[in-house]
Structures are given as C-alpha cells and as structure tokens.
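Single-letter residue listing:
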Amino acid sequence: MTQWPPSEYFYFIPEPEKYIEHLHHPLPPYIRINPIKAPADKIMHLLKDEGVFLKKLPVDFFYKAACGKELGNLLGYHLGYIYPQALTSAMPVIALNPKPGDLILDMCAAPGGKTTHMAQLMGDQGTIVANDRSFGRLTALSANIKRCGITCVVITQYKGEHFPYGEHFDKILLDAPCSGEGKYRIGRDGRLLFSISGRTNLPAIQKGLIVRAFDLLKPGGTLVYSTCTLNPEENEGVVDALLKKRNALVLGWNPPLRWHRGIDHFKGHAYHALVTGCRRFYPHEANSVGFFVAKIVKPKQNG
Amino acid sequence: MDKQIAVKYWEERFGIPPASFLPYEFHSSTRTIYIARQSRHCRVISSLNKDFMGLPFLRQVTRFLKPTTVAAQRFGHLAKKNVIEIKRKPLLSLCKEGEIRWEKGPTITGPGYVILNLAYPESHTAALRRHFLGVSLFLEPGRLLCRLPKSMAKGVIAALERE
Ligand SMILES: C[S@@+](CC[C@H](N)C(=O)[O-])C[C@H]1O[C@@H](n2cnc3c(N)ncnc32)[C@H](O)[C@@H]1O
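Residues numbered from 1 in each chain as written. Chains lettered and ligands numbered in written order. Predicted model: local features only at pLDDT ≥ 70, side-chain atom pairs only at ≥ 80, totals over all residues. Heavy atoms only, no water.

**Q** What should I look at first to understand the nonpolar core in this one?
**A** Soluble, globular proteins show a tendency: their nonpolar side chains are buried together. Residues and elements named next belong to chain A. Formed by 46 residues in total, the largest nonpolar core has its most connected members in Leu174, Ile210, Leu223, Tyr225, Val239 and Ile296. In terms of residues, this core owes the most to one element, helix H7 (residues 202–215), which gives five residues. Non-local contacts of Ile210, meaning those with residues more than four positions away in its chain, are made with Leu174, Leu223, Tyr225, Val238, Val239, Leu242 and Ile296. Grouped together as the second largest cluster of nonpolar side chains are 40 residues, Ala130, Cys178, Val224 and Phe281 included. (Core = buried A, V, L, I, M, F, W, Y, C linked by side-chain atoms within 4.5 Å. Buried < 20%, exposed > 50% of the residue type's maximum accessible area, 1.4 Å probe, protein only. Helix = DSSP H or I, 4+ residues; strand = E, 2+ residues; numbered from the N terminus. Contact = heavy atoms within 4.5 Å.)

Rendered as structure tokens:
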C-alpha cells in the first residue's frame, strides 16, 4: 500500500482523511476560454455544439468541462478557443494581477498555461518574456502561444538562475519545477500515480531561482512564487530562504478559491513570520491540483 | 522580406487596411515575417537572446507569399475579400482529399490564398458560426487546395466527422 501522505504532513493538511479519500478519484477536467481568439459567446456556442457541458466557476474564464472525448480533440481546441488547465493553476496568475502594458518575466514558462493566461488578462498588450531552460518544452510553449494567437510574448531559453540582468521587470512569475505532489492520485491498484522518482535537490534549485527572480524585479515590483506541491521544504522553506537573504515582503491577497495560510514551521524548523502570508490550495477542497502561491514584493527603497 | 510587403499583401489580397496593423511591429527571418505587439519595453527585449517573438504572419513559399494559419485565425475577421464560407461537408472533403472543386463566387478576386471561414453549425446566426480556420489555395478555373497544417486537418476531421 502507498505511504501517502507522509505522517509529518498530517498537521497541516485540513481534514486529512478527506484528502486521502479524494486521492482515489481522478481530477475533473477544466478549461480556460481564450477571448483573444474569438468572443466568449461564440466560443461557448461552439463548445456546446461539440457536446461539451460547461459549469461556470468562481474564477474568470474557467469552466469545469464534461465531454465525451478528449478536450484536445475538439475543434475549439484546434482553433485556440480553449486551454485545458487545472483550476488552481489560475491562482499564481491572479496573485500576480497582470495588466495591459506590463513587462513580465515568466521564468519557468513551458508549456505555457500561465503565460497564455497572463497574455489574455493583458489583452495581448505589453510584453511577456516567457523563459524555460528545456529546449524540448519550448516547442510546446511556442505551439501553445501560436494556437492561442498571442503576439505579446518573447521566448527565451536561459537557465533561470542565470537569466541576464538588464532592464528590470514590473512583475515576475516563478512557477518553479517541483515534486508535483499536488497532482498525486492513488490508482485502483493502490499505487501512487504521477509521483516523480529520482529527484534532484529541488529546494536548492528553487532557492537559486527565487533569489535571481527577486533581483530581476524593479523596486516596487511583484514576484509570485508558485509550485504544485504540498511539500513545505519546496514552498515556505524557499520563501523563508529569500526573506533571510533579501529585503522582501510577503503580501496577503484574497483568492477566489478556498485557501489556507502558509505554515510557520516544519520538521523542527521555524520559518520567518511573513511566510504565513503565503496561500495554500488543497486538492480535496478545490477539486483540482494542490498549489502553493507566495506573493512577494520588493519594497521601493530596497536597503 | 519586409514589413511594407507584408502589410501590402494583406491589404491587396484581403482588403485589411494597413492601419489595422498599427499597434504591431514586424520581424523577419529568411522566409517568415512575424507580427508582434508593439511595446514600450523594446530595450529589454533587444538585450535578450530570443528564440522566438510574436506570431508567424506571412511566409515566402517558392515565389509566392502565404498567410500563416495562425494569422488567418487571428486576423481573418478583419478581411473583406477572398474569405470563403465553407460548410462542414466540403471542409471534411478538403481536409481528407487535399483538394475539392470550388466555384469562384463573388468574394474571390482571383487565384491565390483564401481564408477559410467554417460555417458551423450552419443553423447559427452569421456572427456565431464564423470560425476562421486557416487558408487554402484557390486556382482557376475552380480548384481549392487544402493548405491547413496536417495536424490541424487531422484535428478538423476528428472533430467534425462524428456527426
Ligand atoms: C511547473 S513547470 C512550469 C509550468 C508552466 N508555468 C505552465 O503554467 O504551463 C516548470 C518548468 O520549469 C522548467 N525549468 C526547470 N528548471 C529550470 C531552470 N533552472 N530554469 C528555467 N526553467 C527551468 C522546466 O523545464 C519546466 O518547464
């Protein structure tokens, strides 16, 4: 039988027995509609005609989709009218609050779910630098940008921790590589699905990325650090490391989904008090992938 | 290839006034012109080692200029001529066979690329059933050649065949 979740997670997962029960069910499909390609009513009509039942959700442009076939086989998909995407994956973008005209760095962008969501909220105006270190994943990123008809994106391929200093950014999204525990499910045979084996030292990579991202921000700028893992060492632990190294602030914000505060200690480590301003989203409460989101600002006078 | 040529092509072939493209800038590689949203952040952008910027807009194919599928999808609604409304059945034949017979009709000005506007479902009002798919090549006296990317043509077949 699967040893999941680990016993040290029980103190912070709300109603852990419900979480464990929820792990046995597949997550429902969600879509975001893309008004850059066509007006929303036209998209909705086409999807209805293609046999897709849509349920409105409290997150703008997102719907729960029920449909007899793969979402990727719909005409609406080929036309770039929709982007299949976990509901909770909208949270980092909502925290960053992109606006038309912004200069944004998406440091780990592929395959582009959040890049294309940000471009849509910006009305395709401004500039998003969508970066990813993986050449293979950049192909998927550029295909999604084209499919969604976006013109405000520039693609680069740097290791995030070596992204060049130059002009600084208004807003940065660091949707970091992580262990993906928020996606875990338990299969019929009791095996853990979607778990990644042979991990590298993810917290070390994430800490390198977050410091570079912070240093690339304009004073007064906003950095959103997000992962789809429950692991505090990849979440609050990384934000804590930044707070110790730099003069950063964590801002609270009001997500449109049920959320919990960041935790203040794990495995005997007490974190910086500000990390409780982070937001946690759990799979059994959101009925979607688990997410962690930290909204960080660089004070105007950064001493 | 240069920006002037690209904008002029879209004006002459599709009747889209050059002013529609004022908020954009254009970048070219050997065979492709890309359209990118103009931005006041060009200093940052110019200092970066870019892989890709904006959307492919127009390609040079042998001696001819070809509008890209994504540009036809994104800007097709602005076109005033050389747009054809195609119904589900002929579109399926076009995607499967690669070529169908097509009567010229008043919207086609002559041989060259036409933007495909799928009328789907046919019962909807004109505004709701206009889906810009990409382009096809119209040749005299009445041939229409599919120029959708293979993956898109396959996708259209899979999506529309079930009925
Ligand atoms: C969680 S995924 C990003 C998902 C993406 N933001 C989206 O919404 O579609 C993490 C990405 O980080 C990239 N990555 C891993 N290490 C990196 C590094 N050191 N610098 C930049 N990108 C990196 C991976 O290739 C992967 O595409």
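**Q** How should I be thinking about the sheet that holds strand S3 (residues 62–66) of chain A in this particular structure?
**A** Within a sheet, each strand pairs with its neighbour through backbone hydrogen bonds, oriented either parallel or antiparallel. Residue and element names in this part refer to chain A. Strand order across the open sheet formed by four strands is S2-S3-S1-S4, with antiparallel pairing between neighbours. Across the chains shown, the open sheet's two edge strands, defined by having one partner strand only, are strand S2 (53–56) and strand S4 (82–84). Looking at each pair of strands side by side, their axes are set apart by 35° on average, direction ignored. Two elements, S2 and S3, share four bridges in a ladder whose sense is antiparallel. (Pairing = 2+ DSSP bridges. Axes fitted to C-alpha atoms, helices over the stretch in contact; angles between N-to-C directions.)

**Q** Explain the packing of helix H4 (residues 88–97) of chain B against helix H5 (residues 150–160) of chain B to me, please; I cannot follow it from the model alone.
**A** For any two helices packed against each other, one specifies the crossing angle of their axes together with the interaxial distance. Residues and elements named next belong to chain B. Running from N to C, H4 and H5 cross one another at 140°; their axes reach a closest spacing of 9 Å. One element, H4, and the other, H5, form an angle in the oblique class. Two packed elements cross with a definite hand, and for H4 against H5 that hand is left-handed. In this structure, H4 contributes Arg88, Leu91, Leu92, Cys95 and Lys96 to the contact, and H5 contributes Ala153, Val156, Ile157 and Leu160. When the residues that make up the contact of H4 with H5 are grouped by side-chain class, the tally is seven nonpolar, no polar and two charged. (Parallel < 35°, antiparallel > 145°, perpendicular 65-115°, else oblique. Left-handed = near helix turned anticlockwise from the far one by under 90°. Nonpolar A, V, L, I, M, F, W, Y, C, P; charged D, E, K, R; others polar.)

**Q** I'm lost on helix H5 (residues 113–121) of chain A in this one. Help?
**A** In an α-helix there are 3.6 residues to a turn, and that puts residues three or four apart on one side. Residues and elements named next belong to chain A. Most of H5 is tucked away: eight of the nine residues are buried. Taken together, the buried positions of H5 are Gly113, Lys114, Thr115, Thr116, His117, Met118, Ala119 and Gln120. Gly123 sits one or two residues past H5 and shows a positive phi near 60°.

**Q** Teacher, can you tell me more about the domain arrangement of chain A here?
**A** By a widespread convention, an interface's size corresponds to the accessible area lost as its parts come together. Residues and elements named next belong to chain A. Assigned domains of chain A: these are domain 1 (27–84) and domain 2 (86–297). Computed from C-alpha atoms alone, the centre-to-centre distance between domain 1 and domain 2 is 24 Å. Taken together, the contacts link 22 residues of domain 1 with 27 residues of domain 2. In total, about 1,900 Å² of surface goes out of reach between domain 1 and domain 2, with carbon and sulfur atoms giving 61% of it. Considering only the surface of domain 1 that becomes buried against domain 2, Leu27, Ile36 and Tyr83 emerge as the three largest contributors, covering 35% of it. Connecting domain 1 to domain 2 are zero salt bridges. Here domain 1 is connected to domain 2 by eleven residue pairs in polar contact (both at pLDDT 80 or more). Counting residues per element, the ones that place at least two in the side of domain 1 that touches domain 2 are strand S1 (30–33), S3, helix H3 (75–78) and S4. The residue makeup of the side of domain 1 that touches domain 2, split by class, is 16 nonpolar, three polar and three charged. (Domains from an automatic or database assignment. Buried area = accessible area lost by both parts, 1.4 Å probe. Salt bridge = Lys/Arg side-chain N within 4 Å of Asp/Glu carboxyl O. Polar contact = N/O pair within 3.5 Å; in protein donor to acceptor, adjacent residues only side chain to side chain.)

**Q** Where do I start with the environment of Phe135 of chain A in this structure?
**A** Position of Phe135 of chain A among the secondary structure elements: in helix H6 (residues 135–147). The spacing of Phe135 of chain A and Pro299 of chain A is 164 residues in sequence and 34 Å in space, taken between C-alpha atoms.

**Q** What is the right way to read the pattern of salt bridges from this model?
**A** Oppositely charged side chains can form a pair if their charged atoms are brought close together. Inspection of every chain in the model, using the stated rule, returns 16 salt bridges over all chains. Put simply, Asp124 of chain A and Arg74 of chain B hold a salt bridge, and the shortest N to O gap is 2.7 Å. Of this pair, Asp124 of chain A sits in the loop between H5 and strand S6 (127–131) while Arg74 of chain B sits in helix H3 (residues 69–75), each in a different chain. The same class applies to Asp124 of chain A and to Arg74 of chain B, which are both buried. In this structure, the salt-bridge partner of Asp215 of chain A is Arg246 of chain A, at a minimum N-O distance of 2.8 Å. With Asp215 of chain A in helix H7 and Arg246 of chain A in the loop between helix H8 (236–245) and strand S12 (249–251), this residue pair connects regions lying 31 residues apart in the sequence. On the basis of relative accessible area, Arg246 of chain A is assigned to the partly exposed category, the value being 30%. Linked through salt bridges whose partners overlap, the residues forming this network are Glu8, Glu233 and Lys267 of chain A.

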